[in-house]
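Examination of the molecular architecture
What follows is each chain in one-letter form.
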Amino acid sequence: MKQMLEYVHGDSVIHRLNPLVKLLWAFLTCIACFISSNHLFLLGVLLSTVVVAASGSVLARAKGVYKALFILGFLLMLFQLLFTPYGRVYFYILPGVPVTDQGLSFSLLLMLRMMAALSPLSLMLMLTPMNELLTAMTHTLRIPYRYAFVVVTALRFIPTFSREMDQIMQAQRSRGHETDTRNPFKKVKVILPMCIPLLISSVRRIETMAISLETRGFNTGPRSYRKKLGFTRFDALAIIIVMAVLLLSIIIG
Amino acid sequence: MISIQHLTYRYDKKAPLILDHINLEINKGECVALIGQNGSGKTTLLKQLNGLLKPTSGRVTINGLDTATTKTSALARHIGYLFQNPDHQIFCNTVYDEIRFGLLNIQCPPEEIHDRIKRIAGLLGLENKLTRDPFTLSRGERQRVALASVLVLETDILVLDEPTTGQDYRECVEIMEIVKDLNRKGKTIIMVSHDIEVVADYCERTIILHQGRVLEDDATHVVLRKSESLMLSGLEPPQIIQLALRFGPLFQHVRSPEDMAEAVAACAVPGGVRV
Amino acid sequence: MIRFNNVSFAYEGSEELAVRNINLHIDKGEFVGIIGPSGAGKSTLVSLINGVIPHFHRGDYYGEVLVCGKDTLESTCGEISRHVGSVFQDPEAQMVTTVVEDEIAFGLENFNVPAGEIEKRITESLKMVGIEHLRHRGTAALSGGQKQRVTIAAAIALRPEILVLDEPTSELDPQGSRQVFQTLKRLNQEYGMTILIVEQKVMLLSEFCSRLMVMEKGQIILDGPVRQVLEHHDKLLELGINCPRVVTLTKLLKDASLYDGDIPVDVDEAEQVVRKILEGAYDQHTAFDLSLR
């Protein structure tokens, strides 16, 4: 989970794109996937995200994202299958519950849509340094620095808390507490009390962070920004491609 | 007791080897220190002992149980593991409940629970704190609560991951004295520590791990004199031994400041101390 | 540079004074180590210097703390941080960005330093700490020692005259700890920074600091040049402080009337002591030959 949201440091073309362009890509691709109902289009978009992941050298991490989305999508697909009984019947899963051609087609569409629409969001976080996102949010989107900082820092801490939780679960397992159970109900019951040590250590950490920020002059007045967010021809190209994809989704339908 | 044969470990197929063909035997009643640089594989090796991590190849046997096929929660009856940060282990509302938690997990008979808790609390000086919320205690006291909750499981083996980090010297000595006492009564102790003085004072056997391999494995007073091996691991011998080594064979049996003072006295004035 | 006039403080909600009647004076260029058992008030002392008390922690405040001539009560935490840089124990909680150079820029940006000047300061800070090679690295993948050195570089980017550190090597291995201390020594000797460090690692403090302060129950019990403080070996043991073993050795030798000179602070000096004894020269006022270091 943490790996889906953590920034991976690098110096690829994608890394160097303006963060707003990447944000735009993530959101417009998502919208395009919901506009279109064409299987090939969605597959194409999905493959394009793989290309982006590869050029950003985060393919290994991205595999986890695709896998998670695939599982989610598969569950959605099964669920949808049960509710689409029209069309030519292929076989019956249960008495009265047919698997039809239309059912298969529609549920496959949903799965592809889920994967193609959501993977850019995760990839964007993997390929954009927090600082740039922050600068983009404050300068261009005119969000007050304090709030932008809160959002960005919360994201930055998710992997930290996740690691902390792992440590806590390991510590409890070593006491005979079965956090390594496969039973999902038991797992929830077992993990819930773990939130207490996580909360306490997190609060402590956050307090240190707040003090550290105070001693670094946080929010004491007007702020300068070291990096000016540039806009290169790559950014322009990226925007054109994203717009084209959106247009295509509307045309193809 | 603990048998490690040709143990290798890596996170997944493409990751580098973290543990590289480790062979070790640890016998009942030993007090062993495991030292090495960060990244040498110390914590990984410890986690292999109680099954938190399973071997990629090779075998780890604890009291005859193969860790690869036994759940960690089951191994908890044989091997107690104290984590570096006590706050990762504590979550109950009272010290009493905290110590009881582990006993419930291993299905200890209800009649025995109360007695065991009282005994352990007495051992660690926590009798008056049983009704307190652990998070209102000082860090040193919380470390003792965490230790109590592990000791109450009455395992043969105790593994300690940096038991003295983040504490002041007094708290550190308190914990180590308790550990040493347990060792004298027959518990096997394995300890990871960065503090070379603690290692010198409390452990008879020391293993240096370097890049996933066992670099040294011998009696502590022998290992701590091997400056090159220690330097390779980013460590230095304890001060007194560093000093002794500068004089060649003259002070080769010195282990503590007291030994050194005696040896110097013997050399400086033939026949003993000057009046 | 730093002056405490009869300072006492109790945290909000607590009846007990965390520090009581502190009077001290720290000059420019000193390298001071602060030791003592937990709860002695060491962190409180540091917080009084960098303005965290009274601006972040509230409570009952008595006396006055002057940092670079200004009363901390009357300056904001931001103003004080221009003079006092702070480094804390947990490296994870002090990293706010994902790239090392961004981390160093962070404080400078907060104080509205112009972009061109920021670049210059980043380069300088990295050089002063000796981590130029880490400039473009991601912060998540650094070792503990590297993280803390980045934190130090970020703290000195504002060119404070004073640097205070609260147990910065607590979570580091011996190599990392030594690197941090060596960095601090460099900042102190080459750049004239005044350094105050709270630590439990008395052996390292004895080797690097020029002055030691021992605290207990909110008060400063001992304060002076390192050697002088280490003479009080028994008192230090009583306070539960981990005396360097060479100091324990020297005390034993003194008790046996084999030696009567200065206390050695590290192994090199201890070697000189032992050699002198073996050569039969165990007289008073033996000064250490520092050229042999």
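Conventions we followed
Residues numbered from 1 in each chain as written. Chains lettered and ligands numbered in written order. Predicted model: local features only at pLDDT ≥ 70, side-chain atom pairs only at ≥ 80, totals over all residues. Helix = DSSP H or I, 4+ residues; strand = E, 2+ residues; numbered from the N terminus. Expected span 1.5 Å × (residues − 1). Buried ≥ 20, exposed ≤ 12 C-beta atoms within 10 Å, placed from the backbone. Contact = placed C-beta atoms within 7 Å. Nonpolar A, V, L, I, M, F, W, Y, C, P; charged D, E, K, R; others polar. Pairing = 2+ DSSP bridges. Axes fitted to C-alpha atoms, helices over the stretch in contact; angles between N-to-C directions. UniProt positions renumbered as here; feature names shortened; annotations may be inferred.

Time to look at helix α3 (residues 19-35) of chain A. For α3 of chain A, spanning 17 residues, the distance from its first C-alpha to its last is 24 Å, which sits close to the expected 24 Å at 1.5 Å a residue. Along α3 of chain A, the residues classified as buried are Pro19, Leu20, Val21, Lys22, Trp25, Ala26, Thr29, Ala32 and Cys33 of chain A.

Attention now moves to the interface of chain B and chain C. With 32 residues of chain B at the interface, the matching set in chain C holds 31 residues. Every element with two or more residues in the side of chain B that touches chain C is listed here: α5 (139-151), α6 (169-184), α10 (239-245) and α11 (257-268) of chain B. At 8 residues, α11 of chain B tops the list of elements feeding residues into the side of chain B that touches chain C. Split into classes, the residues belonging to the side of chain B that touches chain C amount to 13 nonpolar, 10 polar and 9 charged.

Counting residues at the interface gives 21 residues for chain B and 17 residues for chain A. Per element, the largest residue contribution to the side of chain B that touches chain A is 3 residues, and it comes from helix α3 (residues 95-105) of chain B. Counted by class, the side of chain B that touches chain A contains 11 nonpolar, 8 polar and 2 charged residues.

Residue and element names in this part refer to chain C. Read across the open sheet, the 6 strands follow the order β6-β7-β8-β3-β9-β10; overall the sheet is mixed. Both edges of this open sheet fall to β6 (84-87) and β10 (219-225), since each of them pairs with a single strand only. Neighbour to neighbour, the strand axes of the sheet diverge by 15° on average, direction disregarded. Of the pairings in the sheet, the one linking β6 to strand β7 (residues 162-166) comprises 4 bridges and is parallel in character. Note that in β7 the partner of Gly85 across the bridge is Leu163. Sitting on the sheet, helix α1 (residues 42-49) is in contact with β3 (31-35), β6, β7, β8 (194-198) and β9 (211-216), with an inclination near 150° to β8. Of the strands in this sheet, β3, β7 and β8 touch helix α8 (residues 174-191), which is tilted by about 155° from β8.

Here the focus is the UniProt feature "domain: ABC transporter" (unreviewed entry) in chain C. Here the UniProt feature "domain: ABC transporter" (unreviewed entry) sits at residues 2-242 of chain C. For residues 2-242 of chain C, helix accounts for 40% and strand for 25%, while the C-alpha atoms at its two ends are 28 Å apart.

Right, let's get into the sheet that holds strand β4 (residues 57-62) of chain B. Strand pairing in a sheet relies on backbone hydrogen bonds, with the paired strands running either antiparallel or parallel. Residue and element names in this part refer to chain B. Read across the open sheet, the 4 strands follow the order β2-β1-β4-β5; overall the sheet is antiparallel. The strands lining the two open edges of the sheet, one partner per strand, are β2 (19-26) and β5 (65-66). Direction of pairing for β4 relative to β5: antiparallel, over a ladder of 2 bridges. Across the sheet, residue Thr61 finds its bridge partner in β5, namely Asp66. Against the sheet, helix α1 (residues 42-49) contacts β1 (2-9), β2 and β4, and its axis sits at roughly 125° relative to β1.

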